[in-house]
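Report on the structure
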Amino acid sequence: MELGVQYKRQVPAEYDLDTDNNFSKCKEFFFNNAPPDFTPPWGVSVKPICQCLWDEKDQQHYLYATLYSTTWKIPVYSAYVFHSPNIGRCDAWYIEPQLDGENEPCMRPKGRNLNIGINQALNKDYADSTGFDKGHLYPVLHTYNHLSMLATSTLTNAAPQEKCFNRVNWLEHEKAVIEDLKSCDKKAYVVTGVVPDFQIPKLNNRVTVSKFYWRATCCQKANQYIAKGYYGPDNNGISL
């Protein structure tokens, strides 16, 4: 089901994959065009992704940025510019063919080769999980149009999140952030990330469970830049 979004079978030259590994095509989603510094632990690989979709006119749209760990198979963080939300929700989960060697820069419902899943989580990894949702980092609640809503439901923007924490505590936090950022004078920048938990078994022996979710916001209010930070424990039912 393509939900009105068309996907290229071949990528034109002007859409070649970003090979410089530094968010060069989507730095506008970071405050001052500067991604957060992150040094992965030894043996852990990460991949910057400029999250994009094709529209009905085959135009490519960058919608946010994600630093994804192909080792942990969860995102380290996702960064986006907040807009007052005005959109419903549709859960159609995508994957990133680029992570597994396909010449396609944007997310798609599925890949075309047998390597899909080597470097990323798949829907089947969550199928038999008990107690965990696919927890969005860039949440649907913070999206503002159809494409941005669809683009949040890629598995590179999700980590295993305890169901009660996802549906109650963190959801209330996301609503509170909306009310706070509505009062910004200009653009509001948001980065949301997770901290992996190595004490809990991986989902399907592949996908690392998150221990904490965190969020940082920054915007201008009354000629001052206001920055805030939040975190919550994603630990099997213990409330914030």
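As a starting point, this report considers the structure included with it.

A few words now on the nonpolar core. By size, the foremost hydrophobic cluster in this structure holds 37 residues, and its most contacted members are Phe23, Tyr77 and Tyr213. Elements with a minimum of two residues in this core: strand 1 (46–54), strand 2 (60–69), strand 3 (74–82), strand 5 (158–162), helix 3 (163–181), strand 6 (188–197) and strand 7 (209–221). The element that contributes the greatest number of residues to this core is strand 3, accounting for 5 residues.

On to the pairing of strand 1. Counting buried positions along strand 1 gives 7 out of 9 residues, so the element sits mostly inside the fold. Sheet topology places strand 1 next to strand 2; 9 bridges connect them, and they run antiparallel. Note that in strand 2 the partner of Ile49 across the bridge is Thr66. Hairpin connection between strand 1 and strand 2: a loop of 5 residues separates the two successive antiparallel strands, and Asp58 in this loop has a positive phi of roughly 60 degrees.

Another aspect to go through is the environment of Ser45. On the secondary structure map, Ser45 appears in the segment before strand 1. In sequence terms Ser45 and Asn119 are 74 residues apart; their C-alpha atoms lie 9.6 Å from each other. If near-sequence neighbours (up to four positions away) are discounted, Ser45 is found in contact with Tyr68, Ser69, Thr70 and Thr71.

The rules behind these values
- Counting restarts for each chain, with residues numbered from 1 along the sequence as it is written.
- In keeping with the model being predicted, local features are shown solely for residues with a pLDDT of at least 70 and side-chain atom pairs are shown and tallied solely at 80 or more, while totals for entire chains, interfaces and linings include all residues.
- Calculated side-chain values reflect all of the structure's heavy atoms, with hydrogen atoms and water omitted.
- Take the buried residues of types Ala, Val, Leu, Ile, Met, Phe, Trp, Tyr and Cys, join any two whose side-chain atoms come within 4.5 Å, and each joined set is a nonpolar core.
- Three exposure classes are used, based on accessible area relative to the maximum for each residue type with a 1.4 Å probe and protein chains only: buried under 20%, partly exposed in between, and exposed over 50%.
- Secondary structure counts use DSSP, requiring at least four H or I residues in a row for a helix and at least two E residues in a row for a strand, with both numbered from the N terminus.
- When DSSP finds two or more bridges between two strands, those strands count as paired.
- We call two residues contacting when some pair of their heavy atoms lies within 4.5 Å.

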